[in-house]
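Residue-level listing of the chains:
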There are 4 protein chains.
Amino acid sequence: MALASLVEELRAFVSERDWGQFHDPKNLAMLLASEAGELLAEYRWIPNHRADAFSREPEARQRIANEIGDVAIALLLLCDRTGIDLEAAAQEKLARNRQRYPVELAKGRAARPLG
Amino acid sequence: MALASLVEELRAFVSERDWGQFHDPKNLAMLLASEAGELLAEYRWIPNHRADAFSREPEARQRIANEIGDVAIALLLLCDRTGIDLEAAAQEKLARNRQRYPVELAKGRAARPLG
Amino acid sequence: MALASLVEELRAFVSERDWGQFHDPKNLAMLLASEAGELLAEYRWIPNHRADAFSREPEARQRIANEIGDVAIALLLLCDRTGIDLEAAAQEKLARNRQRYPVELAKGRAARPLG
Amino acid sequence: MALASLVEELRAFVSERDWGQFHDPKNLAMLLASEAGELLAEYRWIPNHRADAFSREPEARQRIANEIGDVAIALLLLCDRTGIDLEAAAQEKLARNRQRYPVELAKGRAARPLG
């Protein structure tokens, strides 16, 4: 599967550089949050109603894809280091969210979903 | 593939609740950053040398997996909304990082890798 | 001055609880970022054009003030620990921003200001 | 008072550039979180036990002060826009934290303080 082979490549990348010593889960959580902050920065002056169109502008799109790549790498490194399965964690959370936000109550209401 | 079917489930979850109206890329980038902040909070008082062991303690592990699930969901929603391929974005970034951090220069040195 | 006396109170609060051991600058930077993430979460589903009005709604306002308080405390703790003067740092950055964003070029254009 | 005069200067800076249109509270919360992410990035590969010494190295110190300046500016802009008093918000939160973390229970224990 594509994600598994990507994780293999990330492991080789880290191992060749002897970076495992820096990649404890605390530091990887910091990496993830700082990369998420860079992604956030791309949108900070874009009003909501322009955010979809902005994301399609070629230059902006490249920067956004770039930041998404950084966030994804940080997340995969953290999952690999902790042995937490990314997809299983997301599936479990989705199952919980289905219970926390029943359709009949949550429909069309944004009150703190996924919180 | 597992990730693709998860994205399908997320689409259904959002659509049933009519939440697409709130999920423009700006708001999803905010969701992602705030969830990354919650994950960060789990590690803020844990020293580096205890971060691996902490991540294996059952209660902490469950909370961390929970936050990783939130981050993954936010990231997948953002990729789906913008049409940016998560794995391709990570692969491209990894290829760039291989060039930016040649093994002979980067080995054992943490100076702003993946930055 | 009010800020200086607040810092004094924060020092006493930390010292009484023997929390200085946890408050190295790395951990305080994590605290600051996670609190900034909680503040961010308050606005994630609020569209730009409603953000001012939302900030005046009594319940939202109380939560926002609460999160601003957390961010301010984290920032003051970090400045105190590192010996960096908050106001001087802001003044220096403002002076740099005046040069980086000359009025004639920056007027009405949001392209990465304060970046 | 120094903070008040700094806020006056920030108002002039924003007004001269006609940037008030971009500075609704949502966008300023994003600015704050992204600047907090940049500050975080400075410490992401520094182990806890070196974080104090690192913060005193001249080059690192200048970068950290720079990022602290950005965070402070974003926080002051947000407080000014929403009319929330920074010091009062911090004082209120400190009063609450005194109750949430009684000395006899919290002493030497880092369990989610200031959370």
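1. Brief notes about the overall build of chain A
When its secondary structure is counted, chain A shows 6 helices and 0 strands. The order of α-helices and β-strands along chain A, N terminus first, is α-α-α-α-α-α. In terms of overall size, chain A is more extended than a compact globule, its C-alpha atoms giving a radius of gyration of 17 Å where 115 residues would be expected to give roughly 13 Å. If one aligns the C-alpha atoms of chain A with their principal axes, the spans along those axes are about 50 × 35 × 30 Å. Per-residue burial over chain A gives 57% buried out of 115 residues. Counting only contacts in chain A whose residues sit at least 6 apart along the sequence, the fraction spanning at least 24 positions is 57%. Carbon and sulfur atoms make up 50% of the accessible area of chain A, which totals about 4700 Å².

2. Describing the interface of chain D and chain C
Quite often, the size of an interface is put as the accessible area lost when its parts meet. On the chain C side, the residues contacting the 77 residues of chain D number 76 residues. Here chain D and chain C share an interface that buries about 6600 Å² over both sides, 65% of which is from carbon and sulfur atoms. Across the chain D-chain C interface, the total number found is 6 salt bridges. Asp70 of chain C serves as the salt-bridge partner of Lys93 of chain D, at 2.6 Å between the closest nitrogen and oxygen. Counting across the interface, chain D meets chain C through 32 residue pairs in polar contact (both at pLDDT 80 or more). Of all the elements in the fold, those that place two or more residues in the side of chain D that touches chain C are helix H1 (2–16), helix H2 (25–43), helix H3 (51–56), helix H4 (58–82), helix H5 (86–100) and helix H6 (103–106) of chain D. When residues of the side of chain D that touches chain C are assigned to their parent elements, the largest contribution, 17 residues, is made by H4 of chain D. Across the side of chain D that touches chain C, the residue classes break down as 44 nonpolar, 14 polar and 19 charged.

3. Overview of the relation of the copies chain D and chain C
Between the two copies of this chain, the relationship is a rotation about some axis together with a displacement along it. Superposing chain D onto chain C takes a rotation of 180° combined with a translation of 0.0 Å along the rotation axis, leaving an RMSD of 0.0 Å. Within this description, the copies of the chain are treated as partners about a two-fold rotation axis.

4. Let's talk about the interface of chain D and chain B
Counting residues at the interface gives 15 residues for chain D, matched by 15 residues for chain B. Taken together, both faces of the contact between chain D and chain B bury some 1200 Å²; the carbon and sulfur share is 55%. The interface formed by chain D and chain B includes 0 salt bridges. Counting across the interface, chain D meets chain B through 3 residue pairs in polar contact (both at pLDDT 80 or more). With 5 residues, H2 of chain D is the largest single contributor of residues to the side of chain D that touches chain B. For the side of chain D that touches chain B, the class distribution of residues is 7 nonpolar, 3 polar and 5 charged.

5. Structural notes on the packing of aromatic side chains
Here the structure, examined in full by the defined rule, presents 12 aromatic pairs over all chains. Pairing Phe13 of chain B with Trp19 of chain B gives two aromatic rings, centres 5.6 Å apart and planes at 80°, and the pair type is edge-to-face. An identical accessibility class is assigned to Phe13 of chain B and Trp19 of chain B; each is buried. When the ring of Tyr101 of chain C is compared with that of Trp19 of chain D, the centres are 5.5 Å apart and the planes differ by 75°; the resulting orientation is edge-to-face. Here Trp19 of chain D lies in the loop between H1 and H2 and Tyr101 of chain C lies in the loop between helix H5 (86–100) and helix H6 (103–106), a pairing that spans two chains.

6. Re the relation of the copies chain D and chain B
After a rotation of 180° and a shift along the axis of 0.0 Å, chain D superposes on chain B with an RMSD of 0.0 Å. Same-surface contact between copies: 100% of interface residues of chain D are shared with the interface of chain B.

7. Notes on the nonpolar core
Ile68 of chain A, Ile68 of chain B, Ile68 of chain C together with Ile68 of chain D are the most contacted members of the largest nonpolar core, which totals 172 residues. Of the domains in this structure, domain 1 (24–74) and domain 2 (85–115) of chain B are the two that each give at least three residues to this core. In this structure Ile68 of chain A touches Leu39 of chain A together with Leu75, Leu78, Cys79, Ile84, Leu86 and Ala89 of chain B, once residues within four positions along its chain are discounted.

Reading guide: rules and limits
Residues numbered from 1 in each chain as written. Chains lettered and ligands numbered in written order. Predicted model: local features only at pLDDT ≥ 70, side-chain atom pairs only at ≥ 80, totals over all residues. Heavy atoms only, no water. Helix = DSSP H or I, 4+ residues; strand = E, 2+ residues; numbered from the N terminus. Rg over C-alpha atoms; globule rule 2.2 N^0.38 Å. Buried < 20%, exposed > 50% of the residue type's maximum accessible area, 1.4 Å probe, protein only. Contact = heavy atoms within 4.5 Å. Areas by Shrake-Rupley, 256 points an atom, 1.4 Å probe, with all protein chains shown as cover. Buried area = accessible area lost by both parts, 1.4 Å probe. Salt bridge = Lys/Arg side-chain N within 4 Å of Asp/Glu carboxyl O. Polar contact = N/O pair within 3.5 Å; in protein donor to acceptor, adjacent residues only side chain to side chain. Nonpolar A, V, L, I, M, F, W, Y, C, P; charged D, E, K, R; others polar. Least-squares fit on C-alpha atoms with pLDDT ≥ 70 in both. Phe/Tyr/Trp six-rings, centres within 6.5 Å; stacked < 30°, edge-to-face > 60°. Core = buried A, V, L, I, M, F, W, Y, C linked by side-chain atoms within 4.5 Å. Domains from an automatic or database assignment.

Keep in mind these values describe shape, not function.
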